[in-house]
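The primary structure of each chain is shown beneath.
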Amino acid sequence: MIACDAQTNLFTISTRRTTYQMKADRHRVLLHTYYGPRVDGADLSYLIRYADRGFSPNPNEVGDERDYSLDTLPQEYSTCGVGDFRLPCVEFEPPDGSRLADLRYTGYERRPGKYALPGLPAFFGGAEEWETLVIFLEDAAAGMLVELYYGVQEDCDLITRAVRVVNRGRETVRLRRCASLCLDFQRGDLDFITFDGCHVMERCLNRTPLRPGIQSVESVRGTSSHHHNPFVILCEPEAGEEWGLCYGAMLVYSGNFQAAAERTQLENNRLLLGINPYHFCWTLEPGESFTAPEAALICSPDGFARMSCQFHRALRRHLIRDPYQGERRPVLINNWEATEFDFDAEKLVDIARGATGLGIEMFVMDDGWFGARDTDRSGLGDWSVNQKKLPGGLEALVPRIQALGLQFGLWVEPEMVSERSQLYQDHPDWTLGAPHRPQTRGRSQLVLDFSRPEVRAHIYQALRRILDSADIAYLKWDMNRSLSDVWSAAAPAGRQGEIFHRYVLGVYEVLDRLRQDYPRLLIEGCSGGGGRFDAGMLYYTPQIWCSDNTDAVDRLRIQYGTSFCYPVSTVGAHVSAVPNAQTGRTTDMATRGVAAMPGTFGYEMDLRWCTPEERETIRRQVAFFKEHYALIQTGDYYRLSDPFRNGTYTAWAHVSQDRREVLVCLVTGSTHAAQPFQTLRLRGLEGSARYRADSGQIFTGDALMHAGCPIPLLPGDYQAVQIYFRAE
Ligand code: GLA
C-alpha cells in the first residue's frame, strides 16, 4: 500500500511486514525517514535529528540555520558536491564542466500496477498485485529532472526501485553516475554480507561489521561476475536465519555494478547500489533520458530465512516469465564433461542412447559443434555446423536424438569471436578493442561489440538460422571471458563511456527478440558457470548454470551462498562423473544426486559407462526428482546449516507452500570414528500438524522444529540422506 500525504509531503509504503517512508521537508529536500518492521499511521520524521556539526555545510537558502546540512540528514536519493560528502547517487556535467547535482522535490504520482523499464529487465505484475509511486525531483540549475520509481508488491515485502533522469534543459549534460538505490540508515551497527569468489567457486558468503569509511563490492568486468554478486545484505550484528533485522538489496542488472556501504561520521550507514561509475559517462542531449537498472529490496524483521523465501517467491512469480514460470523444466544430459571437443555424431547419439530408459528428457550438445571448433582457440563466431563432425548437420542429428525419446538442446556463445574464424576475418573491427593497442585475449577469444546494431543483427540472424534448421527446445547461452579493452569503433570519443552499458543493453535486446520469436525456447544462461548469475539475466533466461564446479561437496557451498537470493528453479545443477574434473574428489552417485536436486537437475557425464547399480540409482534419482518437483521448485527453501562453519554436515529443507510436505536433505562432510548423533531442527512447519516420515514414524511440527529430526548415522565420507514428510 502506498499512502501519500500531499499536505505534509509524507510518503509511506507498507508491505505485509515492513514500512518504508520518506518525506520532503520545508526546503523540498527528500529525506528518508524509515525502513524496517511495519509501523502504521506514524510520521517517522521525528527520528531525524538536527545539530550543527563542524565541516558539514549548509545549503544557501537556509541562511544561518547551521544545524541543517545535507551531510547529516538521511537522504532518499543523494546529491553530489553541494554539501553531502557521503556517497553520491547522481552527478551532472553540463558544458561548463561543473560536476554537481542538487535535487529538490517537485511532485509525485501514484499508478496502479508495476512500472516497466523499456529495454531493461524488471519485475512485472498487474494492478491487482502491484502499485507504483513516482517521485519527481529536479535540479533547476542543470535543467535535470530525476524520477524515482517505487514498485510495491506487498505479499513478498518487495520494494523495487528505478531511476529515470531527463535532460529538460537546453544544454548537453553528461551523466557521470546514476545509482539505482540509496538507502540511509540512522544506525551504524550493521553487518555487510556479500557473495564473492572466483571462477569455479562463486558466491561464497562473507560477513563483516561495517567500519568507518566505505566498504564495497563491485564488478568492472562487463558482467556481474564470478567475483562479486550484485546482491548484498545489511543486517543487525546478531541477525541469523531465524532472528534479527536484515535487508537484502539486489540489482536487476548483468553488467558493471557497485554495491557500496558507507559508515559515516555520525555512525550512520548509507547503502548505494547501481551501475558502477567506473568508465561510465552517458551523454544526454536536451530532451533525452537515461534509465538506471532496477534495484529490489526486501526487509525481513526476523532473519535471513524469511528474507530468502520472500526473494525466491518474488523472483519466481514476478521476474521469471512464462512459460517457464510454472512449467516443469526438462531433466537433461549434457555432453561437455564427457567429451569436451572430442565428438562426432555417432558418439553423441551413443551418449544420448546411454541416457535412455532413465527418465532423462533432453540431450544437450555443448561446445564444439560449429565452425573449426576442435579446441577453444578457434571457431567462435562461425555459427554453422561442422560437417566433418556432424555430417548432414542438425537436420540429420536432431531427429536421431528425438527418436531416442529425448528433446534436443544446443550450446552457443553468441557474444564472442575467435581470431581463427571467418567472422573475425570479415569484420575485425566488430570486436571491442582500442586503437593502436593489441587486444587482450581471454580463453583465446575476443569480445564482439554488442553495442553495435549491425553486430547484434548479424548474430541474431545466425541464431535464427540455427533455431530454424531443426527442432531445438533449449539453448545454453554461454559467455566465457570478461570484457577488457572496452572501446567501440562505432562510437565517437565522447561516447566511449556508454559502451559497457550499451553492451549489456545489446545482449538483453537479442535475448528478448529470441524470446519473442521462440516463446517456448528454454534458454539457460551461463558464463563459465556462474559468472553472470544475476536477476537481470534471469528475466531472459529462467535458469543459469550455477558453476563450472560440479563437485558435489564444493557445490553445496556455492549453492548455499546462491540460495540467499536466488530460488532453486534458477540454479543449473547436474550430477557429473568422478573423480571430479575440478577437485579430483570422488563422491557416491547418490550424494551427487542429492547435491544436484536443489536445482534444475540433470547429468553431465557419459552414462554409457555406468554400472547397472549406478544406472538404477540414476533411474531412482530422476523419478524422485520428478515426483517431488513441485515441492523442490516452488516450496520454501530453508538452509539448516552453514557449510562454511559446519564441517560435519550440510543440510537444507524444502517445505511446500501449504506446509503439508517437507523434504529434508543432508550431506555429511569427511567422516570420523565415533560419530555423534545428529538432530536437525527444521523450520517453517505447521506446529500442530502431524508429519509422517517416509519411514512411517510420526512427529508433530513443533517437535521437528524445536526438538529436531533425528538423522541416521551415515558412515563414510560425504554420505547423503533425504527424508520426506507428509502431514496427515
Ligand atoms: C563454459 C561452460 C561449460 C561449457 C564450456 C564449453 O566453461 O560453463 O559448461 O559449456 O564453457 O566451452
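Everything here concerns the structure above.
Since the model is a prediction, treat every value here as computed from it, not as a measurement.

Give me the overall build of the protein chain: which residues, what numbers.
If you tally the helices and strands in the protein chain, you get 13 helices and 38 strands. Taken over C-alpha atoms, the radius of gyration comes to 26 Å for the protein chain, in line with the 27 Å a tight globule of 728 residues would show. Sequence separation of 24 or more characterises 68% of the internal contacts of the protein chain that already satisfy a separation of 6 or more. For the protein chain, the accessible surface area stands at approximately 26200 Å², while carbon and sulfur atoms represent 49% of it. Taking the 77 positively charged and 94 negatively charged side chains of the protein chain as two groups, their mean positions are separated by 1 Å.

Go over empty space enclosed by the protein, please, and point to the residues and values.
One pass over the full model with this rule turns up nine cavities of 30 Å³ or more. Taken together, the residues of the lining of the largest cavity sort by class into nine nonpolar, one polar and three charged.

Quick rundown of the packing of helix 3 (residues 345-354) against helix 4 (residues 393-403)? Include the residues and the values.
The geometry of helix 3 relative to helix 4 is characterised by a closest axis approach of 10 Å and an angle of 20° between their N-to-C directions. If you check the angle between helix 3 and helix 4, you find them roughly parallel. When the axes of helix 3 and helix 4 are compared, the crossing they make is right-handed. Note on element contacts: helix 4 touches helix 3 through Leu397, Arg400 and Ile401, opposite Ala345, Glu346, Leu348, Val349 and Ala352.

Run through the environment of aspartate 588, naming residues and quoting values.
Take aspartate 588: it is sitting in the loop between strand 29 (575-576) and helix 10 (589-596). Considered as a pair, aspartate 588 and alanine 720 are 132 residues apart in the sequence and their alpha carbons are 8.8 Å apart. Polar side-chain contacts of aspartate 588 include one of 3.2 Å to the side chain of glutamine 719.

Describe in detail unusual backbone geometry, supporting the description with residues and values.
Along the chain, aspartate 322 connects to proline 323 via a cis peptide bond; the corresponding omega equals 5°. Of note, proline 323 is situated in the loop between helix 1 (304-318) and strand 20 (332-334). Cis geometry is found at the peptide bond from valine 578 to proline 579, where omega equals -10°. Summarising the element assignment, proline 579 is placed in the loop between strand 29 and helix 10. Of note, arginine 659 is a non-glycine position whose phi angle comes to about 65°, a positive value. Tracing the chain through its elements places arginine 659 in the loop between strand 32 (649-655) and strand 33 (661-668). Phi angles above zero are rare outside glycine, and alanine 674 is one such case at about 55°. Its location among the elements puts alanine 674 in the loop between strand 33 and strand 34 (678-680). A residue is classified by how much of its surface remains accessible, and alanine 674, at 75% relative accessible area, is exposed.

Any chance you could break down the sheet that holds strand 21 (residues 362-365) for me, citing the residues and the numbers?
Here nine strands make up an open sheet; going across it, the order is 28-27-26-25-22-21-20-30-29 and the pairing parallel. In this open sheet, the two edge strands, each paired with only one partner strand, are strand 28 (571-572) and strand 29. Inspection of the sheet shows strand 20 paired to strand 30 (residues 602-604) by two bridges, in the parallel sense. From the neighbouring strand, isoleucine 333 faces strand 30, where its bridge partner is tyrosine 603.

Residues and numbers for the side chain of glutamine 621, please.
Here glutamine 621 is to be found in helix 11 (residues 612-627). There is a polar contact of 2.5 Å between the side chain of glutamine 621 and the side chain of tyrosine 603. Discounting residues that sit within four places of it in the chain, glutamine 621 has contacts with Val575, Met589, Ala590, Gly593, Met597, Phe601 and Tyr603.

Outline the pairing of strand 35 (residues 690-693), listing residues and values.
Only one face of strand 35 is covered, namely the one carrying Tyr691 and Ala693; the face carrying Arg690 and Arg692 has none of its residues buried. Direction of pairing for strand 35 relative to strand 36 (residues 698-700): antiparallel, over a ladder of three bridges. Looking at strand 36, one finds that arginine 692 is bridged to isoleucine 698. Remark: four residues form the turn of the hairpin made by strand 35 and strand 36, two consecutive strands paired antiparallel; glycine 696 in that turn has positive phi of roughly 100°. For strand 35 and strand 38 (residues 720-727), the ladder comprises three bridges, and the chain directions are antiparallel. Counterpart to tyrosine 691 in the pairing with strand 38 is alanine 727.

Hey, could you go over the site of the ligand for me, with residue numbers and the actual values?
Close contacts around the ligand come from 13 residues, with Asp366, Asp367, Arg443, Lys476 and Asp548 the closest. Side-chain polar atom of asparagine 480 to an oxygen atom of the ligand: 3.2 Å apart, as the coordinates give it. Expressed as a share of its isolated accessible area of 300 Å², the protein-covered part of the ligand is 95%. Here the ligand occupies the largest pocket. Tallied by class, the residues present in the shell around the ligand amount to four nonpolar, three polar and six charged.

Describe the pattern of salt bridges, naming the residues involved and giving the relevant values.
Taken as a whole, this structure holds 61 salt bridges when the rule is applied. Glutamate 61 is the partner of arginine 104 in a salt bridge, and the nearest nitrogen-oxygen pair spans 2.2 Å. One end of the pair, arginine 104, is in strand 6 (residues 104-112); the other, glutamate 61, is in the loop between strand 4 (30-37) and strand 5 (90-93), with 43 residues separating them in the sequence. You can call glutamate 61 partly exposed: its relative accessible area is 45%.

Could you give an account of the layout of surface pockets, naming the residues involved and the relevant values?
Volume-wise, the largest pocket comes out at about 560 Å³. What lines the largest pocket is a set of 33 residues, among which His199, Arg443, Asn480, Gly528 and Asp548 lie closest to the centre. Tallied by class, residues from the lining of the largest pocket come to nine nonpolar, 13 polar and 11 charged. When residues of the lining of the largest pocket are assigned to domains, at least three map to each of domain 1 (2-318) and domain 2 (332-418 + 454-481 + 523-632).

Conventions and cut-offs
- Residues numbered from 1 in each chain as written.
- Predicted model: local features only at pLDDT ≥ 70, side-chain atom pairs only at ≥ 80, totals over all residues.
- Heavy atoms only, no water.
- Helix = DSSP H or I, 4+ residues; strand = E, 2+ residues; numbered from the N terminus.
- Rg over C-alpha atoms; globule rule 2.2 N^0.38 Å.
- Contact = heavy atoms within 4.5 Å.
- Areas by Shrake-Rupley, 256 points an atom, 1.4 Å probe, with all protein chains shown as cover.
- Lys, Arg positive; Asp, Glu negative; His and termini not counted.
- Charge placed at Lys NZ, Arg CZ, Asp CG, Glu CD.
- 1 Å grid on protein atoms, 1.4 Å probe; cavity = no way out; pocket = protein on both sides within 12 Å on 5 of 7 lines; lining within 4 Å.
- Points joined across faces, edges and corners; volume = space filled by probe spheres on them.
- Nonpolar A, V, L, I, M, F, W, Y, C, P; charged D, E, K, R; others polar.
- Axes fitted to C-alpha atoms, helices over the stretch in contact; angles between N-to-C directions.
- Parallel < 35°, antiparallel > 145°, perpendicular 65-115°, else oblique.
- Left-handed = near helix turned anticlockwise from the far one by under 90°.
- Polar contact = N/O pair within 3.5 Å; in protein donor to acceptor, adjacent residues only side chain to side chain.
- Buried < 20%, exposed > 50% of the residue type's maximum accessible area, 1.4 Å probe, protein only.
- Pairing = 2+ DSSP bridges.
- Near = heavy atom within 4 Å.
- Sits in = over half its atoms within 2 Å of the grid points.
- Salt bridge = Lys/Arg side-chain N within 4 Å of Asp/Glu carboxyl O.
- Domains from an automatic or database assignment.

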